[in-house]
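Structural description and commentary
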Amino acid sequence: MFNYKTLKKVLFLFQPETAHHLAECGLRLLPKCRILNNYMVNKNFVLNSKISQEILGIKFPNPVGLAAGFDKNATMIKAMPALGFGYTEIGTMTPRAQEGNPKPRMFRYPEQNSVQNAMGFNNEGSAKVLENLKKVYPFSIPVGANIGKNKTTPEEFALQDYKALIRKFEGTSDYLVINISSPNTPNLRDLQNEKFITELFTMAKELTKKPIFLKIAPDMEVDVAIELCNTAVNAGAAGIIATNTTIDYSMVPNCQDFGGLSGACLTEKSYDLFKELARELYGKTILVSVGGIATGEEAYKRLKAGASLVQSYSGMIFEGPSMVRKINEEILELMQKDGFNDISEVIGSDLKQDNES
């Protein structure tokens, strides 16, 4: 009905954050225009039993989800099926509203199909986000809640922020994600240590039966990442989401020296760490891969490496609303080519092959 190349040219005339607000306005209005919304759902939402699965008691119609950071305040959930997503993750939310870091804080690098953001958990606060969530939850696709501490909360009180957020969102989400890996809140990544993670997940298990994931950064040494993930799983984490954005600024020429890079520049780095984590953790916990995934080929590669689910965000900025459909269709084509009848046969198939040989 419209050409995204043309729309992209218009959106790219605006500052990235302004373009994001325009996209949000459009996606908030989309479900109210039933004819257009239904057209887009029929066009983009791939329904095929071969790629649907039940994980931790949650039904995922397809394995491609929207990563956190796009829908910070739970205002666009209703539009996600129209974009083809099999699940969506809102946030990151903090207990109290916060404006985030000074602007400009989002930058595009079209030549690298990459984005840099230094948003700093800007959101309307847990009370407002919960109010928005209650209007739509439960929804036709799973909804995850990504939670983080306020910037002004001292490290020694961080546990209290996460405790309050788990209590608030466990009844209005299908799963929760602990975000201690964003580079845009000062000292947040310092919480990626065994002591804090053990305390956090021990506490979380007592508060809810909902699955809780740990999202990790891509910039850790492999052995440290494996140790932290094992600690989280042993303390009660239902799974690991790898990875968040990177602070390796050598990846994009002339980029800013703050914030986190995502998109195509992160593809290789994210995959390399994920692959190592999966070698250790596949079969012990649920793994979700995110970072530079914009094609079916890349998503399929992550599934074969041990991911049960994948997520994307930055790729949509460059590829448009048909991206998820193309990913799912390509996954199905690759499954057929490899002789797989169900996505469960794909997940971890590279690891199974390594074990057999």
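First, a word on scope: everything that follows refers to the structure included in this document. (Residues numbered from 1 in each chain as written. Predicted model: local features only at pLDDT ≥ 70, side-chain atom pairs only at ≥ 80, totals over all residues. Heavy atoms only, no water.)

1. Description of the sheet that holds strand β6 (residues 114-117)
Stated formally: Any two strands with at least two DSSP-identified bridges between them are counted as paired. The way it works is that DSSP assigns letters per residue, a run of H or I at least four long becomes a helix, a run of E at least two long becomes a strand, and they are numbered from the N terminus. Orientation is described by lines fitted to C-alpha atoms, with helices fitted over the stretch in contact, and by angles between N-to-C directions that extend from 0 to 180 degrees.
Strand order in the open sheet made by the three strands is β5-β6-β11, with antiparallel pairing throughout. The open sheet has two edge strands with one neighbour each: β5 (106-109) and β11 (260-263). The average angle at which neighbouring strand axes cross in this sheet is 20 degrees, direction not considered. Here β6 pairs with β11 via four bridges, running antiparallel. Bridge pairing in β11 places Ser114 opposite Gly263.

2. A short note on the nonpolar core
Let me state the cut-off plainly: In this description, a nonpolar core means a group of buried Ala, Val, Leu, Ile, Met, Phe, Trp, Tyr and Cys residues linked to one another through side-chain atoms lying within 4.5 Å. Burial status follows relative accessibility: with a 1.4 Å probe on protein chains alone, a residue under 20% of its type maximum counts as buried, one over 50% as exposed, and anything between as partly exposed. By the convention used here, residues are in contact when the closest approach between their heavy atoms is within 4.5 Å.
The biggest cluster of nonpolar side chains holds 105 residues, and the ones touching the most others in it are Tyr162, Phe169, Ile178 and Ile216. Once residues lying within four places of it in the same chain are set aside, the contact partners of Tyr162 are Ile147, Gly148, Lys149, Ile178, Asn179, Ile180, Leu188, Leu191, Phe196, Leu200 and Met203. Grouped together as the second largest cluster of nonpolar side chains are six residues, Tyr109, Val252, Cys255 and Leu261 included.

3. A look at the sheet that holds strand β9 (residues 212-216)
Here we have eight strands rolled up into a closed barrel, ordered β3-β4-β7-β8-β9-β10-β12-β13, and parallel in their pairing. Across this sheet, the average inter-strand angle for adjacent strands is 25 degrees, counted without regard to direction. As paired strands, strand β12 (residues 286-290) and strand β13 (residues 309-312) are joined by three bridges and run parallel to one another. By the bridge assignment for β13, Val288 is matched with Leu309. Sheet strands in contact with helix α8 (residues 267-281) are β9, β10 (239-242) and β12, and its direction is about 175 degrees off that of β12.

4. Remarks on helix α6 (residues 194-207)
Selection criterion: Multiplying 1.5 Å by the residue count of a helix minus one yields the expected span of that helix. Here, the arc refers to the directions that run from the helix axis to the C-beta atoms.
The end-to-end C-alpha distance of α6 is 20 Å, a good match for the 20 Å that 14 residues give at a rise of 1.5 Å each. Taken as a whole, α6 has its buried residues at Phe196, Ile197, Leu200, Phe201, Met203 and Ala204. The arc that holds the buried residues of α6, viewed along the axis, is 160 degrees, so those residues lie on one side. Away from the buried face of α6 by more than 90 degrees, exposed residues Lys195, Lys205 and Glu206 are located. Against α5 (158-169), β8 (175-179), β9 and α7 (222-235) lie the buried residues of α6.

5. Looking at the environment of Ala204
Relative to the helices and strands, Ala204 is located in helix α6. Judged by its relative accessible area of 1%, Ala204 falls in the buried class. Spatially, the C-alpha atom of Ala204 lies 29 Å from that of Ile247, the residues being 43 residues apart in sequence.

6. A look at a positive patch on the surface
Convention followed: Residues form patches when they are more than 30% accessible in relative terms and have no salt bridge. Like charges link within 9 Å. Nonpolar side chains (Val, Leu, Ile, Met, Phe, Trp, Tyr) link within 5 Å. Per-residue accessibility takes into account occlusion by the displayed protein chains alone, with areas from the Shrake-Rupley method and a 1.4 Å probe. Salt bridges are identified by distance alone: a Lys or Arg side-chain nitrogen within 4 Å of an Asp or Glu carboxyl oxygen. Working convention for charge: Lys and Arg count positive, Asp and Glu count negative, and His plus the chain ends are omitted. Each charge is placed at NZ for Lys, CZ for Arg, CG for Asp and CD for Glu.
The grouping of Lys5, Lys9, Lys43 and Lys326 at the surface amounts to a positive patch. Among the structural elements, Lys326 can be located in helix α11 (residues 323-338).

7. Points about the pairing of strand β4 (residues 87-93)
Within β4, seven of the seven residues are buried, which leaves the element mostly enclosed by the surrounding structure. With two bridges joining them, strand β3 (residues 64-66) and β4 adopt parallel strand pairing. Looking across to β4, one finds that Leu66 is bridged to Thr88. Pairing between β4 and strand β7 (residues 143-147): five bridges, direction parallel. Among the inter-strand pairings, Met93 is bridged to a residue of β7, identified as Ile147.

Treat this as a map of the structure, not an account of what it does.
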